[in-house]
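# Overview (structure and organization)
For reference, the chains in residue letters:
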Amino acid sequence: MKILILSASTGGGHMRASSALKAYIQEQSPDAQVDIVDTFEFISPLLNKTVSDGYLYLATKTPKMYGSLYKSTNKDRGLGSLLVGFNHLFSKMLLPLLEEFSPDIIICTHAFPTEMVSNLKELNMVNIPLMCIMTDYAPHKTWINSRVDSYIVANEGMIEPMVEMGAHRELIHPFGIPIHNAFFTQKDRLAILKEMNLNPDIPTILIMAGSFGVTNILKIYNSIVTIEEDFQVVVITGRNQKLYEAFNRVLVKSRRTKPEHRLRLKRARLHSKDSSHRKQIKVKVKPHKPTRLIYFTNEVDKYMQISDLIITKPGGLTVSEALACNLPMAIFDAIPGQEEENADFLIDNNMAVKIEKGSTCARTIRSLLSDRERLERMKQSCQTFDKSNSSKNIYEQILTLTGRQGT
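This section reports on the structure supplied with the text. (Residues numbered from 1 in each chain as written. Predicted model: local features only at pLDDT ≥ 70, side-chain atom pairs only at ≥ 80, totals over all residues. Heavy atoms only, no water.)

### A short note on the sheet that holds strand β7 (residues 204-208)
On the basis of which strands lie adjacent, the open sheet formed by six strands has the order β9-β8-β7-β10-β11-β12 and parallel pairing. Among the strands making up the open sheet, the edge pair consists of β9 (291-294) and β12 (352-354). Taking the axes of each pair of neighbouring strands and ignoring which way they run, one obtains an average angle of 20° across the sheet. In the sheet, strand β8 (residues 232-236) pairs with β9 via four bridges, with the strands oriented parallel. Considered in β9, the bridge of I236 is made with I294. (Pairing = 2+ DSSP bridges. Helix = DSSP H or I, 4+ residues; strand = E, 2+ residues; numbered from the N terminus. Axes fitted to C-alpha atoms, helices over the stretch in contact; angles between N-to-C directions.)

Okay, structure coming up:
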């Protein structure tokens, strides 16, 4: 069996979902040939850079504009029509790839290649089953196309909105977003904490958001370390070198201050005209929580499973991985559009809270840490949302679409 997965490197989650699905398929069918292709890079490296850099700029520098574009393209007119024309223009450039690889099925984990392949099928240039895997927790019209044979979506609540957008109900399968099996595999929590020289008797907060920005994440960290409750922190910066270096500077300064000086007030003498007048004053000393700083790692599942709470942006794949680890979320800086919709889904289902920069952030985290019952209820909500069979169900759907089910 030959399977072609068309994805895109905008945001990172699309490629991670593709990689997870490929790994599962090859576990089940070692002889299967599964290729992942970055669609824009294949068509043109310049196009890929333009699209990826454009997305990053809009999402980080002008999020309100990005939100407006997201809403506009969710309609039948205006900019949405321009994007359809854009995709149709480039769709024929995929034909050499399809002819050379000759796949039994095409799987798309990004809206644009889904549109391109659907267009080729509409023009009778391609006659191959097309599966669309949506990588967020709410639908968008750009994913809905006339020649898709199967939609894989994150949750049951997406079905009705997709039907209203024009998708056929019988083609929509709420199997969940595919993620690597490692996130569903239970780890030895105590052993990992011991290995990291962390305390198993106090809560662990995981901070992840390396692909976007520096300032806001540092503000959140500096805010929560003022909380009186005992806890420890694991920070994963990913390949964000600036963020890693900024955190490292903060931690180095913190280590230079002796622990006993952090915990007690210093005395100082203030001399006035009457030297017998002495006054005790408070000297502000930078607060500290035990913190482990990690650059890039392939073991995110390990750190999620030892944590009691994750502070993160609500990207579709990060959300799915946290849910697989039954890990409650504190969400910040959701990009208007798909991330805001992901956040709404999580909050509505008691899996996450939203935090803001500043003192309100510290209050929200403190209220969670001091209310273990509430945190446990959030964890149970994550556990109830069970998509551990996502890759298995998708694989069986692939067999059905290619006529191999039962053979």
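### Regarding the packing of aromatic side chains
Under the defined criterion, the tally for this structure stands at seven aromatic pairs. An angle of 70° between the planes, with centres 6.1 Å apart, marks the rings of Y24 and Y395 as edge-to-face. On the criterion of sequence distance, the pair formed by Y24 in helix α1 (residues 13-28) and Y395 in helix α18 (residues 390-401) is long-range, its members being 371 residues apart. Assigned by exposure class, Y24 and Y395 land together as buried. A centroid spacing of 6.2 Å and a plane angle of 50° characterise the contact between Y137 and F385, whose relative ring orientation is tilted. (Phe/Tyr/Trp six-rings, centres within 6.5 Å; stacked < 30°, edge-to-face > 60°. Buried < 20%, exposed > 50% of the residue type's maximum accessible area, 1.4 Å probe, protein only.)

### Here's the deal with the sheet that holds strand β4 (residues 130-133)
Here we have six strands laid out as an open sheet, ordered β2-β1-β3-β4-β5-β6, and parallel in their pairing. In this open sheet, the two strands that pair with only one neighbour each are β2 (33-38) and β6 (172-173). Bridge count between strand β1 (residues 2-7) and β2: six bridges; the pairing is parallel. Each residue of the ladder has a partner; that of K2, found in β2, is Q33.

### Details of unusual backbone geometry
Although it is not a glycine, N326 sits at a positive phi angle of roughly 55°. The phi angle at D333 is positive, at roughly 50°, despite the residue not being glycine.

### Topic: the pattern of salt bridges
Inspection of the entire model under this criterion finds 14 salt bridges. The salt bridge partner of D53 is K49, with a shortest N-O separation of 2.8 Å. Residue D53 and its partner K49 are located together in helix α3 (residues 45-61), separated by four residues, close to a single helical turn. With a closest N to O distance of 3.4 Å, E195 and K302 form a salt bridge. (Salt bridge = Lys/Arg side-chain N within 4 Å of Asp/Glu carboxyl O.)

### Here's the deal with the pairing of β8
For β8, the tally of buried residues reaches five of five residues, placing the bulk of the element in the interior. By the bridge criterion, five bridges tie β7 to β8 in an arrangement that is parallel. By the bridge assignment for β8, T204 is matched with Q232.

### Some points on the environment of Y244
When you line up the elements, Y244 lands in helix α11 (residues 241-256). Considering only alpha carbons, one finds Y244 and Y295, 51 residues apart in sequence, at a separation of 6.4 Å. Residues within four places of Y244 in sequence aside, it is in contact with T237, L293, I294 and Y295. (Contact = heavy atoms within 4.5 Å.)

Shape is all these values report; function is a separate question.
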